[in-house]
Amino acid sequence: MRTIRKLMQFVGRYWLWLVIILVCTLAANALGLYLPKVTQRIIDDSIVVKNYALLPYLCILLFGVVLLKGFLNFTTMFLSPFIAQRTTYDIRNRLFDHIQRLSFTYHDQAETGQLLSRSTADVDALLAFLGDGLTNVVSNVLIFVGVLVLCISMNWQLALVSLSTMPFLIFFVFRYSRVVRPIYTDIQDQHGKMTSTIQQNLMGIRVVKAFAREEFEIKKFAYESRTLLNKVMTSVRVNAFYGPLMDFIAAAGTTFILWYGGMQVVNGNLKVGEFVAFNAYLGMIIWPVRIMGWVVNIVQNAIASADRIFEVLDTYPETHLKDGNIEMTECHGEVEFKNVSFTYNDGSKALSNISFRAEPGEMVAFLGGTGSGKSTLINLIPRFYDATEGQIYIDGHNIQDYKLTSLRSFVGIVAQETFLFGDTVRGNIAYARPDATLEEVIEVAKAANIHDFIISLPEGYETKIGERGVNLSGGQKQRIAIARALLMNPPILIMDDSTSAVDTETEAMIQKALVSLTESRTTFVIAQRISTIQRADKIVVLDKGHVVETGTHDELVEKNGLYNEIYNMQLRSQKKAE
């Protein structure tokens, strides 16, 4: 019921249409309950007593009731899918919006395929429930109660006989409900796993082919697909057992009424028309219960899907953790770390007691081995993660006091793993500033040493680069990413090993172009090559999450510490290569 209440919060936005549907449903059901009465009058008051003059009027009445009932049903059948489509539209958009706002920590752990499955298959399951299941639940409950009252008022003995099988039918309906719900939850979870398998395979198809692992991937997908098939067949077996069982119980009730009611007619205790009407009412009361299995099927499937959707929606977005109230309107680029530590959710400590200061316009470089905490450190500046201890200040204010969106609008990032959209070259460069002119795009492309390559493409800056930039080399993608960050003209620029995929010559040209561009902004650089960071104003050397050395290139070489050791190692490797 908690899940249903949450779902009804979305449906409740269309309360006026719901009221219209409810009124039409009530009126249609009332007319449906009146139809057997008209039939009873046609038989008992006209045909049996041979009062044929009354017959045309009663038939016209019957036709009018059927016509009006049909119009009301049309209105209900039109508005119900309308509300269902609008509601699932709202849920799908809300889900996507919420996923965008979830923290990096959440996305580090979440499976993309599961999120895709919840945004598609689970939402479709809600559509089936809202479109057909919800209307049927309301209508069937109204019909059941109305017919029950009419049957008892007409002939309570016959009603008791006809309804004698009803407790058994209701028992098995609820039994079916309890059995089938966990099965549908498993089906939806397995659907998510299968979607994850497809998604990972498609994203890594080049790796699959490079290592000739097609057969392995085919078998892996076949396993997930077969598991889904087995779970679905479990639900089929359950449906195949309970469906005929409930039909049998319902049919037994019909048998009882034909036997007992027929005896009443033979003995003169019941009119033929009354018996026909009663039998019609019994069919009306049995039908809601008979299809209850189908309704329960849809409802349980929808609840299982809704649970998976609300599991995501109930996850607090990063702005809920602590969003500041200061709107950052300008930024000078003064950044200070004070005793900052960071521990991941799994308990692994990435940073310990980090302190340093970057003055406006300075270039600060970070150097260290794999797992030393370099990327984690710079991810704290735009608040991809929050420090577990200590404080980070920009222009004298704790970054947690700034509004998150405004903070990130002043921080440009060139990530280590470059991601490009399946858009044009211009669209990718201008992603952060869609209103940028072509001249501005060209200017930053020249600064990133990618302009000459772009104009050599068939359509220049309007060339589609393919999904994730698969048509580009690693160096080309990184230079487009550099241009994208530079177009923001951010006062704080973060470059996470952004020259790792370019050759030495291209790196030299990029560094030369960046000299003038980094003079007016605070720049944080992570690089594996010391040649990339030699001109930095400050170099911070990290080891296992601790700062072990700080200084300029010359100062650190003279210290003869870890930096000098890395420098000599790279120098020797370079001489051997020569």
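Residues numbered from 1 in each chain as written. Predicted model: local features only at pLDDT ≥ 70, side-chain atom pairs only at ≥ 80, totals over all residues. Heavy atoms only, no water.

A. Region of interest: helix 10 (residues 214-266). Taking 1.5 Å per residue as the helical rise, helix 10 with its 53 residues ought to reach 78 Å, and the 76 Å between its terminal C-alpha atoms agrees with that figure. Looking one or two places after helix 10, you find G268, whose phi comes out positive at around 80 degrees. (Helix = DSSP H or I, 4+ residues; strand = E, 2+ residues; numbered from the N terminus. Expected span 1.5 Å × (residues − 1).)

B. Structural view of the side chain of R308. Residue placement: R308 occurs in helix 12 (residues 292-313). In this structure R308 comes out as buried when scored by relative accessible area, which is 3%. Within polar-contact distance, the side chain of R308 engages the side chain of D122 at 2.7 Å. If we skip the residues at most four places from it in the chain, R308 touches Q114, S117, R118, D122, Q188, D189 and G192. (Buried < 20%, exposed > 50% of the residue type's maximum accessible area, 1.4 Å probe, protein only. Polar contact = N/O pair within 3.5 Å; in protein donor to acceptor, adjacent residues only side chain to side chain. Contact = heavy atoms within 4.5 Å.)

C. The side chain of R484, seen in detail. Of note, R484 is situated in helix 19 (residues 474-487). At 9.3 Å, D423 is the nearest oppositely charged side chain to R484, a buried residue that forms no salt bridge. Those residues in contact with R484, other than ones at most four positions away along the chain, are F419, L420, N428, I429 and Y431. (Lys, Arg positive; Asp, Glu negative; His and termini not counted. Salt bridge = Lys/Arg side-chain N within 4 Å of Asp/Glu carboxyl O.)

D. Broad picture of the packing of aromatic side chains. For the structure on display, the rule yields 13 aromatic pairs. Where F241 meets Y242, the ring centres are 5.0 Å apart and the plane angle is 90 degrees; that geometry is what we call edge-to-face. Assessed through its relative accessible area of 9%, Y242 is described here as buried. Considering the side-chain rings of F421 and Y431, the 4.7 Å spacing of their centres and the 20 degrees angle between planes classify their relative orientation as stacked. With F421 in the loop between strand 6 (411-414) and helix 16 (425-429) and Y431 in the loop between helix 16 and helix 17 (438-447), this pair connects stretches of sequence that are 10 residues apart. Overall, F421 belongs to the partly exposed group, its relative accessible area being 33%. (Phe/Tyr/Trp six-rings, centres within 6.5 Å; stacked < 30°, edge-to-face > 60°.)

E. Focus on the sheet that holds strand 6. An order of 6-7-8-3-9-10 is seen for the six strands of this open sheet, with the pairing classed as mixed. Each of the sheet's edge strands pairs with one partner strand only, and the pair in question is strand 6 and strand 10 (546-551). On average, each strand axis in the sheet is inclined to that of its neighbour by 15 degrees, with strand direction left out of account. Note that strand 6 and strand 7 (residues 492-496) share four bridges and pair parallel. (Pairing = 2+ DSSP bridges. Axes fitted to C-alpha atoms, helices over the stretch in contact; angles between N-to-C directions.)

F. A look at the sheet that holds strand 5 (residues 397-398). Within the open sheet, the four strands sit side by side as 2-1-4-5. Their pairing is antiparallel. Of all strands in the sheet, those bounded by a partner on one side alone are strand 2 (349-358) and strand 5.

G. Spatial organisation of unusual backbone geometry. Even without a glycine there, the phi angle at N489 is positive, about 50 degrees. Counting through the fold element by element, N489 comes out in the loop between helix 19 and strand 7.

H. Quick peek at the environment of E549. By the secondary structure assignment, E549 is in strand 10. Placed 10 residues apart in sequence, E549 and K559 show a C-alpha to C-alpha distance of 8.9 Å. With near-sequence residues (within four places) excluded, E549 lies in contact with I539, V540, V541, L556, K559, G561, L562 and Y563. A distance of 3.4 Å separates a polar atom in the side chain of E549 from the backbone nitrogen of L562.

I. Up close: a nonpolar patch on the surface. Together, W15, L16, W17, V19, I20, V23 and F82 line one region of the surface with nonpolar side chains, adding up to about 650 Å² of accessible area. The biggest single contributor to the nonpolar patch is helix 2 (residues 15-47), with six residues. Overall, the relative accessible area of 31% leaves I20 in the partly exposed class. (Patch = residues over 30% accessible without salt bridge, like charges linked within 9 Å, V, L, I, M, F, W, Y side chains within 5 Å. Areas by Shrake-Rupley, 256 points an atom, 1.4 Å probe, with all protein chains shown as cover.)

J. Quick peek at the nonpolar core. Grouped together as the largest cluster of nonpolar side chains are 34 residues, with contacts concentrated most on F337, F366, L377, L380, I394 and F524. Per-element tally for this core: the top contributor is strand 2, with five residues. The next biggest cluster of nonpolar side chains, apart from the first, holds 33 residues, and it includes M166, M194, I249 and A304. (Core = buried A, V, L, I, M, F, W, Y, C linked by side-chain atoms within 4.5 Å.)

K. Molecular detail of the environment of T255. Counting through the fold element by element, T255 comes out in helix 10. Overall, the relative accessible area of 49% leaves T255 in the partly exposed class. Spatially, the C-alpha atom of T255 lies 8.4 Å from that of S162, the residues being 93 residues apart in sequence.

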